[in-house]
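Fold and geometry: a report
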Amino acid sequence: MANKTIKVGINGFGRIGRAFLKIAWDKPEIEIVAVNDLGDVLNMAYLLKHDTVYRTWSHKVETKGQPARNASSIADAGGEKSKDITILQIDAHQDLRDDDRDYSNNPSKYAHSAVMRRAHELGFPIVQVGIRTFSKYEYNFWQKNKNIIKVFPWTKNAKIPAINEIVKSIKTKKVYLSLDVDGIDPSFMPGTGTPVQGGLEWNYTLNLIEKLFQAKDVIGADIVEVSPQESSVLTEYGAAQLCYAMITNKFRKKLK
Ligand SMILES: [Mn+2]
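Just so you know, these numbers come straight off a predicted model, no measurement behind them.

Our next topic: the overall build of the protein chain. Secondary structure summary: the protein chain contains nine helices and seven strands in total. Structurally, the protein chain occupies a C-alpha span of about 75 × 45 × 45 Å along its principal axes. Residue burial in the protein chain is summarised as follows: out of 256 residues, 27% are buried. Taking all contacts inside the protein chain whose residues are at least 6 apart in sequence as the whole, residues at least 24 apart take part in 65%.

For Ser135, the location among the structural elements is in the loop between β4 (126-131) and α5 (136-144). Residues Ser135 and Glu236 lie 101 residues apart in sequence; the distance between their C-alpha atoms is 28 Å. Leave out the neighbours within four places in its chain, and Ser135 touches Arg97 and Asp102.

Next up on the list: the pairing of strand β6 (residues 174-180). Of all seven residues in β6, six are buried; the element is thus mostly enclosed. Pairing between strand β3 (residues 85-90) and β6: six bridges, direction parallel. Note that in β6 the partner of Gln89 across the bridge is Ser178. Across seven bridges, β6 lies against strand β7 (residues 217-224) in parallel orientation. Pairing of Asp180 across the sheet is with Val224, part of β7.

Time to look at helix α7 (residues 202-215). Along its 14 residues, α7 runs 20 Å from first to last C-alpha, staying within 8% of the 20 Å computed at 1.5 Å per residue. Within α7 the residues assigned to the buried category are Thr205, Leu208, Ile209, Leu212 and Phe213. One face of α7 carries all of its buried residues, which in axial projection span an arc of 120 degrees. Exposed residues pointing more than 90 degrees away from the buried face of α7 are listed as Asn203 and Gln214.

Here the focus is helix α8 (residues 234-250). In a regular helix each residue adds 1.5 Å, so 17 residues correspond to 24 Å; α8 covers 24 Å between its end C-alpha atoms and thus fits that length. Among all positions in α8, only Thr235, Gly238, Ala239, Leu242 and Met246 are buried. Down the axis of α8, the buried set is contained in an arc of 100 degrees. They therefore lie on one face. What points out from α8, more than 90 degrees from its buried face, is the exposed set Tyr237 and Tyr244.

What follows covers the nonpolar core. One broad rule of soluble globular proteins: the nonpolar side chains tend to lie buried together. Of all hydrophobic cores here, the largest spans 35 residues; its most connected members are Ile87, Leu88, Ala119, Ile126, Val175, Leu177 and Leu212. Mapped by element, the contributors of at least two residues to this core are β3, α4 (115-121), β4, β5 (149-153), β6, α7 and α8.

This paragraph deals with the sheet that holds β6. Strand order in this open sheet of five strands is β5-β4-β3-β6-β7, and the pairing throughout is parallel. If you trace the sheet from one side to the other, it starts and ends with β5 and β7, each paired once. Going across the sheet, the axis of each strand differs from the next one's by a mean of 15 degrees, ignoring polarity.

Moving on, we come to the domain arrangement of the protein chain. One can read the domain layout of the protein chain as domain 1 (1-69) and domain 2 (71-255). Its C-alpha centre places domain 1 at a distance of 32 Å from the equivalent point of domain 2.

All right, on to unusual backbone geometry then. Located in the positive-phi region is Asp95, a residue other than glycine, with phi close to 55 degrees. Note on placement: Asp95 falls in the loop between β3 and α4. Looking at Asp95, the number of C-beta atoms within 10 Å reads 23, which means it is buried. Residues other than glycine seldom take positive phi values, yet Glu225 does so here, at roughly 75 degrees. In this fold, Glu225 is placed in the loop between β7 and α8. Accessibility expressed as a C-beta count within 10 Å gives 21 for Glu225, which makes it buried.

Conventions used here
Residues numbered from 1 in each chain as written. Predicted model: local features only at pLDDT ≥ 70, side-chain atom pairs only at ≥ 80, totals over all residues. Helix = DSSP H or I, 4+ residues; strand = E, 2+ residues; numbered from the N terminus. Buried ≥ 20, exposed ≤ 12 C-beta atoms within 10 Å, placed from the backbone. Contact = placed C-beta atoms within 7 Å. Pairing = 2+ DSSP bridges. Expected span 1.5 Å × (residues − 1). Arc of directions from axis to C-beta. Core = buried A, V, L, I, M, F, W, Y, C linked by C-beta atoms within 7 Å. Axes fitted to C-alpha atoms, helices over the stretch in contact; angles between N-to-C directions. Domains from an automatic or database assignment.

Have a look at this one:
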């Protein structure tokens, strides 16, 4: 019987999808034609190589071309150079580590705590709001790059800035808004992985979103770090309201 090739597309590159790819890899009768997943290509490659259950895969894993969705695609979405798009980051954390070696056994440059470092390398000006915990690496890095990373700390003795002050600190017309829900005070958004007390107040956040969308051309946004609690839907509902606020403020003029 002639060798039949079966063409297969993998939908979802979770543990099952990855396990299937690994099995199929050494079977000549199966040809993987596509992997459909919303994840970052570099992160997918990393998970393929290192898996907490299946351990390290012995095959060489490489990525080619631009990942479909990462900080550089922000610039693509805006049709601009990265230096012309400011990332406004609402967050308790700077996420400016070079990698996560201080708390992970498999350090990755694409860890969530390193995302703004990568964005900085791509040339995006960054404005950080709500920051109240730093690693010394992040703090030192920020101090060296104060000209392009503007920080509004939310620490015990910091003065809460007027919203206009934040908007004025953004020097570009185009803005990408990245909202980590732990930037907001955990009394409003308790369901998150690394809560830190003393964040942005709820209505302050809504007003900041409104002013930002009025004053700037917001070309994209994300809401991250929702980690639902069994006992309360507060955080999911809050995240949905933030999403609603972004969409309605963006399209306010068209809605009239
Ligand atoms: Mn955070």
